[in-house]
Amino acid sequence: MSMDEEHCLAAARRGDRSAFRPLAEAHARPLFALCMRITRDSMLAEDAVQEALFNAWRHLANFDGRASFKTWLHRIAVNAALEQLRRHGTQVLANEQGSDDESDDDFLETRTDAAPGPDQHAQGSEVGRQIEEQLARMSMIERTAFVMRHHEGESLEAIGQTLSLNTSASKQAIFRAVRKLRDALQPIR
């Protein structure tokens, strides 16, 4: 956190609304990207960001500094995005059965190639399309857990806390999401 951000945070915690504005502006785009990945809808993502920033302002006194301000704000945004999905009737499928193959290997992290050529660019476009399609088909819990783990770098404990799941259930949700992506990408590999 920069000195300016620390100063703004301290002033905002004392009730200075104008000090909260630069904090909100600095984090709005990353929050929107996060909420967009979860909701898959720009209007819901915008509403989630507004709700998250409003809730952050209202509960700023509860920010205890155990996590970074960014992490705290992102958790609020995840909850706001999930709430938007709930309000708009998006189906939650939290209790899907996982398979016996619980490999912790992240196949997305192992797919790195040097200097892609035109054929690899075309394949990359297809991979991107397949990933987007699969993310849209995942349950809200799976998609959110996957995004938090692989886009935000959150720990299993943090994911579980945000989604009100135990660590094992968080791991299962991520595993199911990865398995679905792996299955969708199998013909391309």
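Residues numbered from 1 in each chain as written. Predicted model: local features only at pLDDT ≥ 70, side-chain atom pairs only at ≥ 80, totals over all residues. Heavy atoms only, no water.

A.B. asks: Can you break down the nonpolar core residue by residue, with the values?
C.D. replies: Counting residues in hydrophobic clusters, the biggest one holds 49 residues, and the most contacted among them are Phe20, Leu23, Cys35, Ile38, Leu60, Phe69 and Trp72. Counting residues per element, the ones that place at least two in this core are helix 1 (3–13), helix 2 (17–39), helix 3 (42–58), helix 4 (69–87), helix 5 (118–137), helix 6 (140–150), helix 7 (156–163) and helix 8 (167–185). Sorting elements by how many residues they give to this core places helix 4 first, with 10 residues. (Core = buried A, V, L, I, M, F, W, Y, C linked by side-chain atoms within 4.5 Å. Buried < 20%, exposed > 50% of the residue type's maximum accessible area, 1.4 Å probe, protein only. Helix = DSSP H or I, 4+ residues; strand = E, 2+ residues; numbered from the N terminus.)

A.B. asks: Would you mind going over the confidence of the model for the protein chain in detail, with residue names and values included?
C.D. replies: When pLDDT is averaged along the protein chain, the result is 80, and 78% of the positions lie at 70 or above. In the model of the protein chain, helix 5 stands out as the element of lowest mean pLDDT, 68, in contrast to helix 3, which has the highest, 94. Between residues 91–114, whose pLDDT stays under 50, and residues either more than four places distant or in other chains, the model counts 37 contacts. (pLDDT = per-residue confidence, 0-100. Contact = heavy atoms within 4.5 Å.)

A.B. asks: Would you mind going over helix 8 in detail, with residue names and values included?
C.D. replies: Note: α-helices contain 3.6 residues per turn, so residues at a spacing of three or four share the same orientation. In this model, helix 8 (19 residues) spans 27 Å end to end at C-alpha, consistent with the 27 Å of a helix rising 1.5 Å per residue. For helix 8, the side-chain oxygen to backbone nitrogen distance between the N-cap and Ser168 is 3.1 Å, and the N-cap itself is Asn166. (Expected span 1.5 Å × (residues − 1). Polar contact = N/O pair within 3.5 Å; in protein donor to acceptor, adjacent residues only side chain to side chain.)

A.B. asks: Can you lay out the pattern of salt bridges for me, pointing to particular residues and giving the numbers?
C.D. replies: Any two side chains of opposite charge can pair if their charged atoms end up close together. Counted by the stated rule, this structure contains 11 salt bridges. Where Arg87 meets Glu83, a salt bridge forms, and the shortest distance between an N and an O atom there is 3.6 Å. Taken together, the residues Arg87 and Glu83, both in helix 4 and 4 residues apart, mark about one turn of the helix. In this structure, the salt-bridge partner of Arg176 is Glu142, at a minimum N-O distance of 2.9 Å. (Salt bridge = Lys/Arg side-chain N within 4 Å of Asp/Glu carboxyl O.)

A.B. asks: Which residues make up the side chain of Gln84, and what values go with them?
C.D. replies: As for its position among the elements, Gln84 is in helix 4. Take Gln84: its relative accessible area is 4%, and that puts it in the buried class. Ignoring sequence-local partners within four residues, the contact set of Gln84 consists of Leu44, Asp47, Ala48 and Glu51.

A.B. asks: Summarise the packing of helix 3 against helix 4; cite the residues concerned and give the values.
C.D. replies: Geometry of a packed helix pair, given as the angle between the helix axes and the separation of the axes. For the pair helix 3 and helix 4, the least separation of the axes is 8 Å and the interaxial angle reads 130°. Regarding the angle of helix 3 to helix 4, the classification is oblique. Here helix 3 and helix 4 pass one another in a crossing that is right-handed. On helix 4, the residues that touch Leu44, Asp47, Ala48, Glu51, Ala52, Leu53, Asn55 and Ala56 of helix 3 are Trp72, Leu73, Ile76, Ala77, Ala80, Ala81, Glu83, Gln84, Leu85 and Arg87. Its residues placed into classes, the contact of helix 3 with helix 4 shows 12 nonpolar, 2 polar and 4 charged. (Axes fitted to C-alpha atoms, helices over the stretch in contact; angles between N-to-C directions. Parallel < 35°, antiparallel > 145°, perpendicular 65-115°, else oblique. Left-handed = near helix turned anticlockwise from the far one by under 90°. Nonpolar A, V, L, I, M, F, W, Y, C, P; charged D, E, K, R; others polar.)

A.B. asks: So what's going on with the packing of helix 4 against helix 6? Residues and values would help.
C.D. replies: The interhelical angle for the contact between helix 4 and helix 6, taken along N-to-C directions, is 160°, at an axis separation of 12 Å. Classified by the angle between their axes, helix 4 and helix 6 sit roughly antiparallel to one another. Here helix 4 runs over helix 6; the crossing is right-handed. Side by side, helix 4 and helix 6 meet where Val78, Leu82, Leu85 and Arg86 of the first sit next to Met140, Arg143, Thr144 and Met148 of the second. In the contact of helix 4 with helix 6, the residues fall into 5 nonpolar, 1 polar and 2 charged.

A.B. asks: Talk me through helix 1; I want residue IDs and the actual numbers.
C.D. replies: Restricting attention to buried positions, one finds in helix 1 the residues Glu5, Cys8, Leu9, Ala11 and Ala12. Viewed along the axis of helix 1, the buried residues span an arc of 165°, placing them on a single side of the element. Exposed residues pointing more than 90 degrees away from the buried face of helix 1 are listed as Met3 and His7. In this fold, the buried residues of helix 1 make contact with helix 2, helix 3 and helix 4. (Arc of directions from axis to C-beta.)

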